[in-house]
Amino acid sequence: MTEQPGNPETPRAADATDPARRRFLGRTGLTALGTILGMAVPFERNLPAGFVPAALAQDTGLDLMAGKQGLVVLGDRPLNAETPAHLLDDDVTPYERLFIRMNGLVPQTALDQDAEGWTLTVDGEVETPLELTIDALKARFETVTRRLVIECGGNGRAFFQPGTSGNQWTVGAVGCPEWTGVRLADVLKAAGVKDSAVYTGHYGNDVHLSGDEEQEVISRGVPIEKALEEDAIIAWAMNGEPLPALHGFPLRLVVPGYPASVSQKYLNRIRVRDREHDGAKMTGDSYRIPAYPVAPGTEVPEEDMVVLTEMPVRSIVTFPETGTEVKAGETVEVRGHAWCGKGDVASVHVSLDFGQTWQEAALEPAPNRFAWQRWRAQLTLPQHGYYEVWARATDQNGIGQPPLSPAWNPRGYANNIQHRIALVAVA
Amino acid sequence: MSRIIKTFAAGLAALVLGVGLAVAEDRPDPMQALAGRPAGANPLDPMTAIRAKADAGEARAGNEEFGGLPDGAGAEETYYQCVACHSTEIIKQQRVTDHRWDELWAWMVEEQGMVEPDEETRALILTYLKTNFSSQR
């Protein structure tokens with residue numbers, strides 16, 4: 001069992017005999033057990049000290065939150081937590097500040113950091129199906145290390161009116177760690193993609209919330225053209241360490257530009273399909289938007305919903321923290337990141353006067369395609385009082401972020417509303 | 001410094017208890033005013049978002065016995081039906097239409113393996129959800 005990167009004192013809990021878990025339960029007291037389990041535990045007070053019910057053996061990952069810093073937990077089963085914007089200031093998002101999006105429970109293999117016997121199967125519409133160990137992946141294909149943005153399709157959902165169902169992410173379901181792995185395209189080409197290939201289907205070993213091992217948690221995919229671009233990787237490391245339990249140990253996809261749900265965690269199979277993939281959360285209205293603009297609150301027929309692909313252009317203000325006091329008349333640096341589902345961002349502008357005038361921020365080039373780009377602006381607040389900084393990124397096609405929520409959609413995806421922070425100038 | 005300690009303590013309490021997860025924040029945040037649903041808003045009015053209250057953090061405290069769900073007819077039934085799979089946190093975040101609750105119910109039964117209760121309990125739970133976690137009332 002290895003420690004979480006960046007936090008050697010993180011209590012981790014792998015099994016019932018783990019001393020860290022006993023300490024955790026000891027600290028919280030067994031009365032909290034029902035809450036951790038998400039259900040009532042009759043006769044809980046009769047449990048002997050140190051006894052851990054079997055249900056805890058399949059973990060939500062909640063106790064791993066001790067290794068995260070300052071995240072806002074939206075839900076504990078499944079575990080979902082976002083990062084406040086001012087904690088996303090790092091160029092490379094560290095483990096402690098990377099958002100968590102679980103659809104199910106953390107698999108035991110990930111909790112144990114046990115990759116023994118792990119294989120990745122590549123099958124379906126390919127000439128030569130592959131079954132690769134992690135060592136074989138490393139030996140057979142070129143290793144690449146890249147900073148890639150990973151963003152939940154529902155980032156910004158909280159700003160839609162009327163509300164839409166799902167976790168109410170604001171701006172922090174995003175991060176840009178440095179991933180190490182092999183190109184997805186190289187692996188697909190080695191298997192020989194047939195002309196009949198249309199889509200990929202991704203599978204992992206996470207566990208359904210019901211505990212039913214037969215039930216698929218999430219299995220999404222991308223058009224084969226996207227999979228064959230050189231950007232997507234099959235990663236085994238994040239920020240130079242093995243993938244953490246919450247982020248997909250031992251293997252995951254990182255397919256930048258698309259909703260992060262296509263970047264399957266706990267990856268053990270890629271099935272090339274001859275049609276749009278129909279795995280869990282590909283169909284119905286999951287990760288789908290209307291094929292045409294609809295008025296807010298409209299009920300859209302299922303057949304008119306299409307798969308969300310490229311995420312829209314977006315920027316966030318990561319410094320200063322909203323509400324910070326600054327000196328009137330003195331220059332203050334305001335900075336953040338910008339990214340786009342199509343690749344690089346063209347420009348970032350900021351406004352200090354509620355969108356009446358805008359000034360262009362300095363925008364650094366991306367270290368590689370689909371990394372977020374640092375922007376900085378030097379602002380002077382003319383006199384004391386309340387100010388807002390609004391940030392607006394624009395993509396290579398001249399498409400920018402709206403000041404209000406963009407096209408409403410029934411599940412609340414792809415809301416790239418301009419991020420605003422408050423600054424209070426004192427004399 | 002005391003704010004940091006307070007925030008840390010609140011975060012720790014939230015972590016340990018799994019409830020009250022949003023940490024109160026006294027710094028002004030213009031994004032907060034854009035989130036959350038104003039009661040009685042017309043969803044077809046584009047100005048709705050601008051008039052929205054920052055009410056996300058002040059949701060009713062709810063009944064601790066039922067994972068923080070607000071008291072009312074159906075609270076207990078809703079709690080036991082739902083926490084078989086997921087916690088109440090995801091329920092408490094929702095402000096959706098009646099139609100969407102019906103769709104979510106069907107999705108949970110058809111796609112997610114939820115065991116459907118008898119018709120009376122089903123009606124009770126859906127009425128409770130539509131009453132307390134609605135974009136329409």
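What counts as what
Residues numbered from 1 in each chain as written. Chains lettered and ligands numbered in written order. Predicted model: local features only at pLDDT ≥ 70, side-chain atom pairs only at ≥ 80, totals over all residues. Helix = DSSP H or I, 4+ residues; strand = E, 2+ residues; numbered from the N terminus. Buried ≥ 20, exposed ≤ 12 C-beta atoms within 10 Å, placed from the backbone. Contact = placed C-beta atoms within 7 Å. Pairing = 2+ DSSP bridges. pLDDT = per-residue confidence, 0-100. Axes fitted to C-alpha atoms, helices over the stretch in contact; angles between N-to-C directions. Parallel < 35°, antiparallel > 145°, perpendicular 65-115°, else oblique. Left-handed = near helix turned anticlockwise from the far one by under 90°. Nonpolar A, V, L, I, M, F, W, Y, C, P; charged D, E, K, R; others polar.

Asker: Give a description of the overall build of chain B that names residues and reports values.
Answerer: When helices and strands are tallied, chain B shows 6 helices and 0 strands. Shown N-terminal to C-terminal, the secondary structure of chain B runs as helices and strands in the order α-α-α-α-α-α. Taken across its 137 residues, chain B has 30% of its residues classed as buried. If you take every contact in chain B between residues at least 6 apart in sequence, the share linking residues at least 24 apart comes to 47%.

Asker: So what's going on with the sheet that holds strand β3 (residues 100–101) of chain A? Which residues, and what values?
Answerer: All names here are of chain A. Judged by pairing direction, the sheet is antiparallel, and its 3 strands sit side by side in the order β1-β2-β3 without closing on themselves. The strands lining the two open edges of the sheet, one partner per strand, are β1 (72–76) and β3. When strand β2 (residues 79–82) meets β3, the two strands line up antiparallel, connected through 2 bridges. The residue of β3 that forms the bridge with Ala81 is Ile100.

Asker: Describe unusual backbone geometry, with residues and values.
Answerer: Residues and elements named next belong to chain A. Of note, the bond from Gln161 into Pro162 is cis; its omega dihedral lies within 30 degrees of zero at -5°. Considering the arrangement of structural elements, one finds Pro162 in the loop between β7 (150–151) and β8 (174–175). Each neighbour pair has its own omega, and for Phe319 with Pro320 the value is -5°, a cis peptide bond. The topology assignment puts Pro320 in the loop between β17 (314–319) and β18 (324–327). Residue Gln113 is not a glycine yet carries a positive backbone phi of 50°.

Asker: Quick one: what's the story with the confidence of the model for chain B, residue by residue and with numbers?
Answerer: Residues and elements named next belong to chain B. In this model, chain B carries an average pLDDT of 75, and 64% of its residues clear a pLDDT of 70 or more. Looking at the elements of chain B, mean pLDDT is at its lowest for helix α1 (residues 2–17), recorded as 40, and at its highest for helix α6 (residues 119–132), recorded as 95. Considering only residues more than four positions removed or in separate chains, one finds that residues 1–24, a stretch of pLDDT under 50, has 28 contacts. Taken over the whole predicted complex, pTM reads 0.83, whereas the ipTM for its chain interfaces reads 0.74.

Asker: Now, about the packing of helix α5 (residues 98–110) of chain B against α6(B): what can you tell me, with residues and values included?
Answerer: Residue and element names in this part refer to chain B. Here α5 crosses α6 at 140°, and the two axes come no closer than 10 Å. Classified by the angle between their axes, α5 and α6 sit oblique to one another. Handedness of the α5/α6 crossing: right-handed. Only Leu126, Leu129 and Lys130 of α6 make contact with α5, whose side of the interface consists of Asp98, Trp101 and Trp105. Looking at the contact of α5 with α6 residue by residue, the classes come out as 4 nonpolar, no polar and 2 charged.

Asker: Describe the sheet that holds strand β10 (residues 199–204) of chain A, listing the residues and the values that go with them.
Answerer: Residue and element names in this part refer to chain A. The 4 strands lie next to each other as β5-β4-β14-β10, forming an open sheet whose pairing is mixed. Taken across any chain shown, the strands that pair with only one partner, and hence form the sheet edges, are β5 (130–133) and β10. Each strand axis lies, on average, 15° off the axis of its neighbour in the sheet, ignoring direction. In this structure, strand β4 (residues 119–124) lies alongside β5, joined through 4 bridges in antiparallel fashion. Counted as the bridge partner of Thr119 is Thr133 from β5.

Asker: Describe the packing of helix α3 (residues 75–82) of chain B against α6(B), listing the residues and the values that go with them.
Answerer: All names here are of chain B. Two numbers describe how α3 lies on α6: the axes approach to 9 Å, and their chain directions differ by 100°. It follows from the interaxial angle that α3 and α6 lie roughly perpendicular. Note on element contacts: α6 touches α3 through Thr121, Leu124, Ile125, Tyr128 and Leu129, opposite Ala75, Glu77, Thr78 and Gln81. The class makeup of the residues in the contact of α3 with α6 is 5 nonpolar, 3 polar and 1 charged.

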